[in-house]
Amino acid sequence: REGGGEKYQVAPLQGRIDRVQLLFMGMPRWQGPPVAAAPDWQATMEAIARITDALALLTAAARSGTGRNLDRHRVESIAFPTIVLVLLSLAAAFARAAAVLDGTHVCEGSSSSAASAAGIAWRALVVARQFAALDAASRRSELYSLFAHLPDSQELLIRIEHLSGAVLLLMHPTPEVPASPAGRDGGGAVGGNGIDHGGSGSSGGTGPAISVPEMCAVQAQLNIVKMEQWLVLHAGRVSNAMEVLTAQFGTSTMVQESPCSFRDASFAEKVAVGSISSYQCRLQAAWHFEQSIRLLPKSMHRGGLLLHQMMLELATSLMQAAASLAQDITIGPVLDASGYRRSLASLVSADQLLERAERFVDAAGHPGMSALVQANRGQLRSLGADALLSRANSEDAGLPELVLSEEEMAALRQLSEDYSADEDDTDCDDGSGDGLERDDEKGQLLTASQYFGRLGDRATSLVMAAQKSVDIVVEPEAALILALMSSGVLQTAAARLWSCPPEGVVETECKRAAVSMLTQSLAILPQGSHATGGLAHQAALAPGLCAHAHLLQGEIHIESQLLGAEKPQNKYQRVQWHLERARGAIHGAAAEGGIPSSGLLLVHLHLMHAKLLLGSSSTGSKKALERAVEELVLGCRELRRSCEGGELRLGLQEEPAQGSTCLALAAPPSPAWADVAAHLLKHLRAALRDLCTRRGAATSCAVAERSADGVCWKDFYRSALQLNTGWDVVRVPTLYDALARTSEPSGPRNRPAAAAAPPPPQPPPLHQQPQPQPQQALPAQLHSPPWP
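Everything numeric here is computed off the predicted structure, so don't read it as measured data.

## Remarks on the overall build of the chain
Helix and strand content of the chain: 23 helices and four strands. The buried share among the 788 residues of the chain stands at 51%. Taking contacts inside the chain between residues at least 6 apart in sequence as the whole, the part at least 24 apart equals 79%.

Next up, the structure:
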């Protein structure tokens, strides 16, 4: 790994819990074909212009008859491999310029976009493949010693197929979890395997940033068009040569057939407009990588560094294809029958791709990638358990009464079967099973609850076994990603167990098992600073996982009903401890660059604190109720802040509506935001109702009790009752501030301090007191009142 960059990337998955990223897949980072230095665009353009002119002269000589004495076969034996080498060099340069790192182009300010650069590279490879097929179809005549260095047709085809797979992977970069800038130096990814695509002689590294001059892109396209016209003039020869090449490729046994013809020069344009999905693009890349391995000489199939590296690249393309299938699955709280069948079919197809990738990785002898593939298969099973639970929630009945079709049971049986006999399953039980033995006969029909339990067991066992199989000293980055994956799958299993406990299991046992798994997930997480000394994956995922584990433990302690033996003070202190740990993880990560969905976690933090205060105020404590209302208002403010800007601008329009000074409200962007908004409104109304109706509360609004900001609780309660939906809580901060402004004159904070009353005058001493004077008669006008 050069430059201290990252070798692996993390692709997020969308499970039922979307308030924090719990499920994700790890795979090697693909950075494109390596080059030793920035290409000499002037020399490349001169070379491609010269071979284009040579083709034009050869065609003109054949038409005029002046080339009768010309040894055409000898000229083509030199011209065809030379054309292929120049096109390979051109395609490698444009592919390297189109490489996408961290969601941005390698070269900022380049006049040619990554999509257009990849399109030029693909067109060059399509033309190069046809010339290589012509070269392979005709036996080369004896060449002069000057041209003895030209590679044979088999080597040229291997280079073309390998570079075609690399270009296809660059067309659709894998979406990954947003990470902090720390640790993003580039380098060290899969892509440098010693195959020279264009004579640069590079065998590793990623090379410097490359910019494509606009004039070079235009000139390259014009020359490629001229070569395509030459191929059209010789369509018969090209068609026969391509048929021979197709027969040489044969049928793929590990990868499905190519979704498009490798003679389609417009494939890049189809990818750019979206007619070709990311899954098809990556599957096409895997097909080309497999063909490059098939074209290797038989002597090289026995092993070697080059073969192992090519196998790892094929496995990488299969892992990315599986990730594209899994990322298209979105599991909400409710999943209908048709959506569940589509999700289940995608999970099975992705698992088959990962199974094929695991064979190649094991053959290449890479323990880090092998463990990642195994953990990815566990993540798919956890996603399948979430899908099954959402499918049960869409029916009136629960999991025990859910009726599955034969197709669904066959897919669930394939995902839940134990394909590894030597795997240790005893240490990784999430408690969501039903006690079925592992030696059940394959093919036995099980209920939905049994499949649900087995999928959860298989998910935790696969991920935990993969995490234990990697040495942190040998593979530190892979061990870090596996630790994060293990923590996420344990938290997912604990949440499933608490929300859907097995039949016949008491609540105390479910709570004990869930808390045990959450404690284990916290122990697995890497410790220390997330920005210094760690990688971007740790900075992006570890704080969120830590905060979510503490929040989930606090929710379990609050919602647990069978806590008669536990003192309320001990329960309050335990939940408060988890709240402080969660708050420390969120704010500590914010100081180091922030984490994804930190706003949502902070809203849940305020909500759980309010629930704790409401639970402790059963006797009608005014102070606890007021603090609960304050926490709920703070949660609404955090929700508003996350929506308006800063983080994600969630749920609000980009521009204010006409005649309005604030952003217009919209629907929540995901079920997680809608759920937390509904809970905020529910608990806010409950707290305000208890505050207004508690014993001793004033009945008149004029003398009603107010908050520290001068807000009348009764007015605030009336405003909260007028909110229509849960998402309307984003208006609560505005309502609260408006009520505080209207009560500013009488508010205790804004009320001016009364002037201190002067002390009453002290009577003088007795010896100084004046003696009483005789009473005199008052004037007559003083006896009559001054008004008629």
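## A few points about the packing of helix α4 (residues 153–171) against helix α8 (residues 278–294)
Relative to each other, α4 and α8 sit at 160°, their axes nearing to 8 Å. With respect to each other, α4 and α8 are oriented roughly antiparallel. Here the hand of the crossing between α4 and α8 comes out left-handed. The segment α4 lies against α8, with Ile158, Glu161, His162, Ser164, Gly165, Ala166, Leu168, Leu169 and Met171 engaging Cys281, Arg282, Gln284, Ala285, Trp287, His288, Phe289, Gln291 and Ser292.

## Some thoughts on the pairing of strand β1 (residues 8–12)
The buried fraction of β1 amounts to four of the five residues, a majority that puts the element mostly inside the structure. Alignment of β1 against strand β2 (residues 24–28), held across five bridges, turns out to be antiparallel. Bridge pairing links tyrosine 8 to proline 28 in β2.

## With respect to helix α20 (residues 671–693)
Its 23 residues give α20 an end-to-end C-alpha distance of 33 Å, which sits within 8% of 33 Å, the value for a rise of 1.5 Å per residue. For α20, every residue scored as buried is listed here: Ala672, Trp673, Val676, Ala677, Leu680, Leu681, His683, Leu684, Ala687, Leu688, Leu691 and Cys692.

## Regarding helix α6 (residues 235–249)
In a regular helix each residue adds 1.5 Å, so 15 residues correspond to 21 Å; α6 covers 21 Å between its end C-alpha atoms and thus fits that length. Those residues of α6 not exposed but buried are Val238, Ala241, Met242, Leu245 and Phe249. Viewed along the axis of α6, the buried residues span an arc of 100°, placing them on a single side of the element. Residues of α6 that are exposed and angled more than 90 degrees away from the buried face: Glu243, Val244 and Ala247.

## Concerning the pattern of salt bridges
Under the definition given, this model contains 20 salt bridges. In this structure, the salt-bridge partner of aspartate 386 is arginine 496, at a minimum N-O distance of 3.1 Å. Linking aspartate 386 in helix α11 (residues 367–393) with arginine 496 in helix α14 (residues 476–499), this pair joins segments that are 110 residues apart in sequence. Exposure class is identical for aspartate 386 and arginine 496. Each is buried.

## Examining the side chain of serine 719
Locating serine 719 in the fold gives a position in helix α21 (residues 713–721). The exposure class assigned to serine 719 is buried, which follows from its relative accessible area of 16%. When neighbours within four sequence positions are excluded, serine 719 is seen to be in contact with Leu735 and Leu739.

## Brief notes about the confidence of the model for the chain
Parts of the model with low pLDDT should not have their predicted coordinates read in detail. Chain-level pLDDT for the chain is 76 on average; 69% of the residues reach the 70-or-more range. Every residue in residues 180–188 is under pLDDT 50, and counting partners more than four places away or in other chains gives 31 contacts. In this model residues 772–788 is a low-confidence stretch, pLDDT under 50, and it forms one contact with partners more than four residues away in sequence or in other chains.

## Quick look at the packing of α11 against helix α13 (residues 448–468)
Running from N to C, α11 and α13 point in directions that differ by 155°, and their axes come no closer than 8 Å. Between α11 and α13, the angle falls in the class roughly antiparallel. Judged by the twist between their axes, the crossing of α11 over α13 is left-handed. The segment α11 lies against α13, with Ala371, Gln374, Ala375, Arg377, Gly378, Gln379, Arg381, Ser382, Gly384, Ala385, Leu388 and Leu389 engaging Ala448, Tyr451, Phe452, Leu455, Gly456, Arg458, Ala459, Leu462, Val463, Ala465 and Ala466. When the residues that make up the contact of α11 with α13 are grouped by side-chain class, the tally is 14 nonpolar, six polar and three charged.

## Comments concerning the nonpolar core
Ranked by size, the top nonpolar core spans 162 residues in total, and within it Phe94, Phe131, Met171, Met227, Leu388 and Leu399 carry the most contacts. Broken down by element, this core gets its largest block of residues, 14 residues, from helix α3 (residues 114–137). If we skip the residues at most four places from it in the chain, leucine 399 touches Leu388, Leu389, Ala392, Ala448, Ser449, Phe452 and Cys500.

## What to know about the packing of aromatic side chains
Applying the stated criterion across every chain, the model contains four aromatic pairs. Pairing phenylalanine 80 with phenylalanine 131 gives two aromatic rings, centres 5.7 Å apart and planes at 50°, and the pair type is tilted. Here the residue phenylalanine 80 occupies a position in helix α2 (residues 72–97), and phenylalanine 131 occupies one in helix α3, the gap between them amounting to 51 residues. Of the two residues, phenylalanine 80 and phenylalanine 131, neither departs from the other in class, the shared state being buried.

## So, the environment of glycine 599
Take glycine 599: it is sitting in helix α18 (residues 598–616). For the pair glycine 599 and glutamate 638, spaced 39 residues apart in the sequence, the C-alpha separation amounts to 6.6 Å.

## Here we look at a nonpolar patch on the surface
On the surface, a cluster of nonpolar side chains totalling about 340 Å² of accessible area is made up of Ile472, Val473 and Val474. By secondary structure assignment, the location of valine 473 is in the loop between α13 and α14.

## Observations regarding the environment of isoleucine 293
Inspection of the secondary structure assignment puts isoleucine 293 in helix α8. With 13 residues separating them along the chain, isoleucine 293 and leucine 306 place their C-alpha atoms 9.9 Å apart. Ignoring anything within four residues of it in the chain, the contact list for isoleucine 293 reads His301, Leu307, Met310, Met311 and Leu314.

## Let's talk about the state of the cysteines
Summed over the entire model, instances satisfying the criterion amount to zero disulfides. As a non-bridged cysteine, cysteine 500 has cysteine 510 as the owner of its nearest cysteine sulfur, 9.6 Å distant.

## Remarks on the pairing of β2
Across the five residues that make up β2, a large majority, five, are buried. A two-sided burial pattern is seen for β2, the buried positions comprising Phe24, Gly26 and Pro28 on one face and Met25 and Met27 on the other.

## A word on the environment of glutamine 130
Inspection of the secondary structure puts glutamine 130 in helix α3. You can call glutamine 130 buried: its relative accessible area is 11%. With 46 residues separating them along the chain, glutamine 130 and valine 84 place their C-alpha atoms 9.0 Å apart.

Calculation rules
Residues numbered from 1 in each chain as written. Predicted model: local features only at pLDDT ≥ 70, side-chain atom pairs only at ≥ 80, totals over all residues. Heavy atoms only, no water. Helix = DSSP H or I, 4+ residues; strand = E, 2+ residues; numbered from the N terminus. Buried < 20%, exposed > 50% of the residue type's maximum accessible area, 1.4 Å probe, protein only. Contact = heavy atoms within 4.5 Å. Axes fitted to C-alpha atoms, helices over the stretch in contact; angles between N-to-C directions. Parallel < 35°, antiparallel > 145°, perpendicular 65-115°, else oblique. Left-handed = near helix turned anticlockwise from the far one by under 90°. Pairing = 2+ DSSP bridges. Expected span 1.5 Å × (residues − 1). Arc of directions from axis to C-beta. Salt bridge = Lys/Arg side-chain N within 4 Å of Asp/Glu carboxyl O. pLDDT = per-residue confidence, 0-100. Nonpolar A, V, L, I, M, F, W, Y, C, P; charged D, E, K, R; others polar. Core = buried A, V, L, I, M, F, W, Y, C linked by side-chain atoms within 4.5 Å. Phe/Tyr/Trp six-rings, centres within 6.5 Å; stacked < 30°, edge-to-face > 60°. Patch = residues over 30% accessible without salt bridge, like charges linked within 9 Å, V, L, I, M, F, W, Y side chains within 5 Å. Areas by Shrake-Rupley, 256 points an atom, 1.4 Å probe, with all protein chains shown as cover. Disulfide = S-S within 2.5 Å.

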